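# Commentary on secondary and tertiary structure
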Amino acid sequence: RYRVRYDLTADQGSTLLEDTRNKLRLLEADGAPVTITAFSAQSGKKEAYFKNRQLQDLIEEIDYASPTVTATFVDFDKERLTAESLGVTDYGTVVVKRGDQRVDLADRDLFRRVGKGDDRRLDFLGEAAVNRAFAQLLSDTLRIVYALVGHGELDPESRDPNGLSELAAALEQEHYDLKRLDLVRDREEGEVPSVPADAAAVLVVRPKVAIPPIEEDL
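I will try to describe carefully the structure that is included in this document.

Cut-off values and rules
- Residues numbered from 1 in each chain as written.
- Predicted model: local features only at pLDDT ≥ 70, side-chain atom pairs only at ≥ 80, totals over all residues.
- Heavy atoms only, no water.
- Phe/Tyr/Trp six-rings, centres within 6.5 Å; stacked < 30°, edge-to-face > 60°.
- Helix = DSSP H or I, 4+ residues; strand = E, 2+ residues; numbered from the N terminus.
- Buried < 20%, exposed > 50% of the residue type's maximum accessible area, 1.4 Å probe, protein only.
- Lys NZ or Arg CZ within 6 Å of the ring centre and 35° of its normal.
- Expected span 1.5 Å × (residues − 1).
- Arc of directions from axis to C-beta.
- Contact = heavy atoms within 4.5 Å.
- Patch = residues over 30% accessible without salt bridge, like charges linked within 9 Å, V, L, I, M, F, W, Y side chains within 5 Å.
- Areas by Shrake-Rupley, 256 points an atom, 1.4 Å probe, with all protein chains shown as cover.
- Salt bridge = Lys/Arg side-chain N within 4 Å of Asp/Glu carboxyl O.
- Pairing = 2+ DSSP bridges.
- Axes fitted to C-alpha atoms, helices over the stretch in contact; angles between N-to-C directions.

## Concerning the packing of aromatic side chains
According to the stated counting rule, one finds 4 aromatic pairs in the structure shown. Aromatic pair F39 and F76: ring centres 6.1 Å apart, planes at 80°, arrangement edge-to-face. Of this pair, F39 sits in strand 1 (residues 34-39) while F76 sits in the loop between strand 2 (69-74) and helix 3 (80-85), placing them 37 residues apart in sequence. Taken as a pair, F39 and F76 share a single burial class, namely buried. On the basis of an interplanar angle of 40° and a centroid distance of 5.1 Å, the ring pair of F111 and F124 is categorised as tilted. Of this pair, F111 sits in strand 5 (residues 111-114) while F124 sits in strand 6 (residues 121-124), and the two are 13 residues apart along the sequence. One aromatic cluster is present, built from ring pairs that chain together F39, F76 and Y91. Above the ring of F111, the side-chain terminus of K51 is found at 5.5 Å from the ring centroid.

## Some thoughts on helix 1 (residues 18-30)
Here helix 1 is 13 residues long and its end C-alpha atoms lie 18 Å apart, about the 18 Å a rise of 1.5 Å per residue gives. Buried within helix 1 are the following residues: T20, K23, L24 and L27. Angular distribution of buried residues about the axis of helix 1 spans 100°; they occupy a single face of the element. Where the residues of helix 1 are buried, they touch strand 1, helix 2 (48-65), strand 2, strand 3 (94-98) and helix 5 (126-138). Once helix 1 finishes, G31 follows within two positions and takes phi at roughly 95°, a positive value.

## Overview of a nonpolar patch on the surface
Taken together, the side chains of V4, Y6 and L8 present a nonpolar region at the surface, about 440 Å² in accessible area. Within the element layout of this structure, V4 appears in the segment before helix 1.

## Looking at the sheet that holds strand 9 (residues 199-203)
An order of 8-7-9 is seen for the 3 strands of this open sheet, with the pairing classed as parallel. The open sheet has two free edges, formed respectively by strand 8 (176-181) and strand 9, since each of these has just one partner strand. Each adjacent strand pair in this sheet contributes to an overall mean axis angle of 25°, direction not counted. Bridge count for strand 7 (residues 143-148) against strand 8 is 6 bridges, and the pairing is parallel. Residue pairing in the sheet places L148 in a bridge with L181 of strand 8.

## A few points about the sheet that holds strand 2
Spatial strand order, 2-1-3-4: 4 strands in an open sheet with mixed pairing. For this open sheet the edge positions go to strand 2 and strand 4 (101-105), each flanked by a neighbour on one side alone. Strand-to-strand twist in this sheet, taken as the mean axis angle between neighbours without regard to direction, amounts to 15°. The pairing of strand 1 with strand 2 spans 6 bridges and is classified as parallel. Paired with F39 across the strands is V74, a residue of strand 2. Across the sheet, helix 2 lies against strand 1, strand 2 and strand 3, angled at about 160° from strand 2, the strand it touches most.

Following this line, the structure appears as structure tokens:
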């Protein structure tokens with residue numbers, strides 16, 4: 001009489017992230033139907049079963065969680081007409097559509113090899129990738145966030161502990177692009193310093209020296 005779903009995995013790996021659920025609620029509020037068409041990995045390959053299972057489990061959860069989203073898993077070899085109708089030519093592609101909007105996710109967006117030797121494994125990044133696709137559907141325009149540099153701030157392009165690469169990756173999922181902003185050097189000779197007009201925000205992260213008043217005013 002009453003259906004109940006429990007996730008018994010130790011790390012709650014079969015439960016959608018709250019951020020994904022928030023995106024689904026925003027899409028539902030918008031009202032336009034969304035379709036997800038996920039194509040299978042190449043059969044016979046060593047990792048095909050793992051890839052297909054991970055992808056099927058994810059889109060099943062998304063389909064179940066939202067009345068707005070219709071998700072379908074397609075065998076690329078057996079349903080070539082479906083692939084041709086969507087212009088898909090590669091195994092493992094995921095197509096997310098809403099009206100005229102469309103985001104294609106490649107196999108490399110969904111899976112990543114990590115580790116070395118016997119510890120080398122394949123990680124599934126599918127939920128983050130689909131989450132990013134939802135963000136693109138919700139916002140047609142890529143928004144720009146600038147990180148101020150020139151005063152010892154954390155570097156937006158650095159992957160070491162003094163960098164912001166992880167923040168850049170997180171912002172990318174929300175359809176933001178993180179760029180460097182040097183108010184002194186990023187201008188033509190004789191030009192007055194200015195914050196670019198396309199800035200959605202400017203980050204000033206842990207400067208080591210005082211920021212000149214003119215830059216603070218900007």
